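Coordinate inspection notes
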Amino acid sequence: MTGAIAEVIVQGARPYPVVIGRGLSGQILEAIPTSAERVAIAHAPFLAEAAEELAEQLRISGREPLLVPLADAEAAKTAETLTACWELLGEAGFTRTDAIVGFGGGATTDIAGFIAATWLRGVPIIQVPTTLLGMVDAAVGGKTGINTSAGKNLVGSIHPPRAVICDLDWLTTLPRPDLAAGMAEVVKAGFIRDQKILDLVAADPAAALDPSAEVLPELIQRAVQVKADVVADDLIESVERELGREVLNYGHTLGHAIEKAENYQWRHGDAVAVGMCFAAALAMGAGRLSPEEFATHRDILQALGLPVRYPDANFDELVMAMRVDKKARGATMRFVVLDGIGTPGLLVGPDESVLRAALREVT
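Okay, so let's go over this structure. (Residues numbered from 1 in each chain as written. Predicted model: local features only at pLDDT ≥ 70, side-chain atom pairs only at ≥ 80, totals over all residues. Heavy atoms only, no water.)

**Digging into helix H7 (residues 195-203)**
All of the buried residues in H7 are Ile197, Leu198, Leu200 and Val201. Down the axis, H7 shows its buried residues gathered within 165° of arc, on one side only. Of the surrounding secondary structure, the elements contacted by the buried residues of H7 are helix H6 (176-192), helix H8 (205-208), helix H9 (215-233) and helix H12 (291-303). Residue Asp194 occupies the N-cap position of H7, its side-chain oxygen lying 3.1 Å from the main-chain nitrogen of Lys196. (Buried < 20%, exposed > 50% of the residue type's maximum accessible area, 1.4 Å probe, protein only. Helix = DSSP H or I, 4+ residues; strand = E, 2+ residues; numbered from the N terminus. Arc of directions from axis to C-beta. Contact = heavy atoms within 4.5 Å. Polar contact = N/O pair within 3.5 Å; in protein donor to acceptor, adjacent residues only side chain to side chain.)

Have a look at this one:
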């Protein structure tokens, strides 16, 4: 079937649609503002041919395309990339009525969104994620960012897109490990809010990883809906909120620390999978999650082929990275944990012995 299968509206000051379907190239063109005379296509390296095809469609529609090739994955998310892209936009005479398309995986949509947020203090962006991770997480919600030597996504902004176009046809070309890594973010949405996601994955993990199966579009829609609901309630991740948009970072505190320790050679979803097991171990140690619920984390993640352990852990290195996590407040670490499946909460300033015990569970 070709066309839209589902649409989720992300509410806010400027609501926007997340369109899920197959064969959605026409939807990309429709999402670009009519005022945009120039359209930059910031794309991952392996999408050069597809980006040129989109550029040709833009030419036919009377617009002037600008191809902006980016480095692969996290290597693109640097200050040097930003500077180079700003120079390209300046040379092309980009104005505030022109637009950018972010075309690629989660890292591509992160950097493309930051380029759009910072050029002339904000130009329209249409996100076209081509990975499962991008579709259910990075491209939705408006968070943009780059990495620094201190950690992941510590520099960025919140710049909601005009639309997110999730064409499931791209997933048929995605290697299975990348599909599984994206599924970590889907499962995260199940743990924090929508247990039906966990039920669907547990019932048939193989189908959950099959782009041609009927269950994957439903899983994507449910995960996007969870993120849309959370984002609409806390658009800017307010530090005054006890627990708002932070809930989406379940598993990410240790996950980001692992990525940094591994020089971003680990897939994001793999690191988050271990991070969720760590967060579940923290909650179990604090008496907030049962051993059975902790086991549910491991069982579901392992059924998808995701890692649940990080054997090379260096406690001091990981704690140092977690102390500069975005959720930290001063010298106090904060962890999103669960008070039962579907009931997120915060664990603030846990004792070092508690951290060590939880880390042992994942090493």
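**Some remarks on the packing of aromatic side chains**
Counted by the stated rule, this structure contains three aromatic pairs. For the ring pair Phe103 and Trp170, a centre distance of 5.6 Å and an interplane angle of 75° mean the geometry is edge-to-face. Placement of Phe103 in strand E5 (residues 99-104) and of Trp170 in the loop between strand E9 (163-167) and H6 is noted, with a sequence separation of 67 residues between them. When its relative accessible area of 24% is taken as the criterion, Trp170 is described as partly exposed. When the ring of Phe278 is compared with that of Phe335, the centres are 5.9 Å apart and the planes differ by 65°; the resulting orientation is edge-to-face. Highlighted residues: Phe278 in helix H11 (residues 268-285) and Phe335 in strand E10 (residues 334-338), separated in sequence by 57 residues. Judged by its relative accessible area of 2%, Phe278 is buried. We classify Phe335 as buried; its relative accessible area is 2%. Sitting above the plane of the Phe315 ring, Arg356 keeps its charged end 3.8 Å from the centroid. (Phe/Tyr/Trp six-rings, centres within 6.5 Å; stacked < 30°, edge-to-face > 60°. Lys NZ or Arg CZ within 6 Å of the ring centre and 35° of its normal.)

**A closer look at the nonpolar core**
Nonpolar side chains tend to gather and get buried jointly when the protein is soluble and globular. Residues Met183, Ile220 and Phe278 are the most contacted members of the largest nonpolar core, which totals 85 residues. With 12 residues, the single largest contributor to this core is H11. For Met183, the contacting residues outside a window of four places in its chain are Leu132, Ala208, Leu209, Leu216, Leu219 and Leu304. By size, the runner-up hydrophobic cluster in this structure holds 22 residues, among which are Ala44, Leu47, Ala51 and Ala55. (Core = buried A, V, L, I, M, F, W, Y, C linked by side-chain atoms within 4.5 Å.)

**As for the pattern of salt bridges**
In the structure shown here, the tally under the stated rule is 17 salt bridges. Two residues, Lys227 and Asp137, come together in a salt bridge whose shortest N-O distance is 3.0 Å. On the criterion of sequence distance, the pair formed by Lys227 in helix H9 and Asp137 in helix H5 (residues 132-138) is long-range, its members being 90 residues apart. Here Arg356 makes a salt bridge to Glu352, at a shortest N to O gap of 2.9 Å. With a gap of four residues between them, Arg356 and Glu352 both fall in helix H14 (residues 352-361), about one helical turn apart. Residue class for Glu352 comes out partly exposed when judged on its relative accessible area of 45%. Residues joined by salt bridges that share partners form a network here, namely Glu74, Lys77, Asp110, Lys152 and Glu259. (Salt bridge = Lys/Arg side-chain N within 4 Å of Asp/Glu carboxyl O.)

**Observations regarding the packing of helix H10 (residues 252-261) against helix H13 (residues 315-323)**
Two elements in contact, H10 and H13, have axes whose closest approach is 9 Å; the angle formed by their N-to-C orientations is 120°. The two elements H10 and H13 cross, and the hand of that crossing is right-handed. Of H13, the residues touching H10 (which contributes Thr253, Leu254, Ala257, Ile258, Lys260 and Ala261) are Glu317, Leu318, Ala321 and Met322. Taken together, the residues of the contact of H10 with H13 sort by class into seven nonpolar, one polar and two charged. (Axes fitted to C-alpha atoms, helices over the stretch in contact; angles between N-to-C directions. Left-handed = near helix turned anticlockwise from the far one by under 90°. Nonpolar A, V, L, I, M, F, W, Y, C, P; charged D, E, K, R; others polar.)

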